[in-house]
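Residues per chain, in single letters:
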Amino acid sequence: MSAHLKQRFPSDEEIIEILDDIKYGTPYLFEVARDIFQETVDPAAYHHQASREELIQINMAFSEWSLFDFDLGDEMTPIKRAARRDPSLKEFVDTQFYSIFWVIKQDRERGLTRLRDVVTCEDFVVHDKLLAKNERWEQGLLGTRIARVGSEWRQAGQVHLHDNAESRPLPHSDAAGGTGIQNRSAFIGHVQSVLGFDGMYNDSLLDSEIIDTCVAV
């Protein structure tokens, strides 16, 4: 990575273009991605007369999984391919990861939230006004994707799954180095457990943010 190349977060428009490139540019790969996602998650929404919100929720999850975790071949995901074409996205791509977090502290005035990864117990201070203001997320566990550019962490994904069940945070640890763990199965595994027909937590009280950058499954 060039020392003179300014790193940045992708815009919403760029994310839509990358997703459209999968769906319309390589339709055979889109079909493969859809089949893998549906077979792995087996969405509960497909087993009854689903509401519009349920279908949007599934499409959001499919979009995020396709963008960050779907292997196009040789471990090349769509977002990695985009960073190869535009190296200013490299740091965003290299640092992004999905995990489940405890919400430790919300600073609503500055738009900052301290999240603690349940896997590594590392803390990440995330700059996101909506995350900091959402009082419902003060308790329980939050599944979300974050990424860093420079010294700033932000939310990188569009699916934020929150469980209000009581959970006591474990002590903070810096042992893993403050980078998180990229695990391409983490997101789809959590989606299956929450939104899948046989999901372990599909009866839990969960919130999700609805956005308009999803690609229909």
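In what follows, the structure referred to is the one given above.
Residues numbered from 1 in each chain as written. Predicted model: local features only at pLDDT ≥ 70, side-chain atom pairs only at ≥ 80, totals over all residues. Heavy atoms only, no water.

Observations regarding helix α1 (residues 12-25)
Turn by turn, an α-helix covers 3.6 residues, leaving residues three or four places apart pointing in a common direction. Along its 14 residues, α1 runs 19 Å from first to last C-alpha, staying within 8% of the 20 Å computed at 1.5 Å per residue. When we look at burial in α1, the residues that qualify are Ile15, Ile18, Leu19 and Ile22. Taken down its axis, α1 places every buried residue within 90° of arc, on the same side. Away from its buried face, by an angle of more than 90 degrees, α1 presents the exposed residues Glu13, Glu17 and Tyr24. In this structure, the buried side of α1 is in contact with α2 (27-41), α3 (52-68) and α4 (78-85). (Helix = DSSP H or I, 4+ residues; strand = E, 2+ residues; numbered from the N terminus. Expected span 1.5 Å × (residues − 1). Buried < 20%, exposed > 50% of the residue type's maximum accessible area, 1.4 Å probe, protein only. Arc of directions from axis to C-beta. Contact = heavy atoms within 4.5 Å.)

Considering the nonpolar core
In this structure, Phe37, Trp65, Leu67, Ile79, Phe92, Phe187 and Val191 are the most contacted members of the largest nonpolar core, which totals 39 residues. Broken down by secondary-structure element, the contributors of at least two residues to this core are α1, α2, α3, α4, α5 (90-95), β4 (141-149) and α7 (184-195). Not counting residues within four places of it along the chain, the set of residues in contact with Ile79 comprises Ile15, Ile18, Leu67, Phe68, Phe92 and Val93. Judged by nonpolar contacts, the second largest core, of eleven residues, contains Phe97, Leu115, Phe124 and Trp153. (Core = buried A, V, L, I, M, F, W, Y, C linked by side-chain atoms within 4.5 Å.)

A closer look at unusual backbone geometry
Of note, the phi angle at Asp42 is positive, near 45°, even though the residue is not glycine. On the secondary structure map, Asp42 appears in the loop between α2 and α3. With a relative accessible area of 29%, Asp42 lands in the partly exposed category. In this structure, Cys121 takes a positive phi of about 65° despite not being glycine. One can find Cys121 in the loop between β2 (112-117) and β3 (123-127).

A word on the packing of α1 against α3
Where α1 contacts α3, the two axes come as close as 10 Å, and the packing angle between them is 85°. As judged from the angle between their axes, α1 and α3 are roughly perpendicular. For the pair α1 and α3, the contacting residues are Ile15, Ile18, Leu19 and Ile22 in the first and Ser63, Ser66 and Leu67 in the second. A class-by-class count of the residues in the contact of α1 with α3 yields five nonpolar, two polar and no charged. (Axes fitted to C-alpha atoms, helices over the stretch in contact; angles between N-to-C directions. Parallel < 35°, antiparallel > 145°, perpendicular 65-115°, else oblique. Nonpolar A, V, L, I, M, F, W, Y, C, P; charged D, E, K, R; others polar.)

What to know about the pattern of salt bridges
Under the counting rule described, the total for this entry stands at 15 salt bridges. Across the salt bridge formed by Arg110 and Asp107, the nearest N and O atoms sit 2.8 Å from each other. Residue classification places Asp107 among the partly exposed positions, given a relative accessible area of 22%. Taken together, the salt bridges that share partners define one network made up of Arg8, Glu14 and Asp86. (Salt bridge = Lys/Arg side-chain N within 4 Å of Asp/Glu carboxyl O.)

Notes on α2
Over its 15 residues, α2 extends 21 Å from the first C-alpha to the last, a length consistent with the 21 Å expected when each residue adds 1.5 Å. If you check which residues of α2 are buried, you get Leu29, Phe30, Ala33, Phe37 and Val41. On an axial view of α2, the arc spanned by its buried residues comes to 105°, and they lie on one face. Away from the buried face of α2 by more than 90 degrees, exposed residues Tyr28 and Glu39 are located. Two residues or fewer after α2 comes Asp42, characterised by a positive phi angle close to 45°.

What about the environment of Gln155?
Turning to its location among the elements, Gln155 is positioned in strand β5 (residues 152-155). As a C-alpha pair, Gln155 and Asp128 span 27 residues in sequence and 6.9 Å in three-dimensional space. A distance of 3.0 Å separates a polar atom in the side chain of Gln155 from a polar atom in the side chain of Thr144. Of note is the side chain of Gln155, whose polar atom sits 3.5 Å from the side chain of His160. (Polar contact = N/O pair within 3.5 Å; in protein donor to acceptor, adjacent residues only side chain to side chain.)

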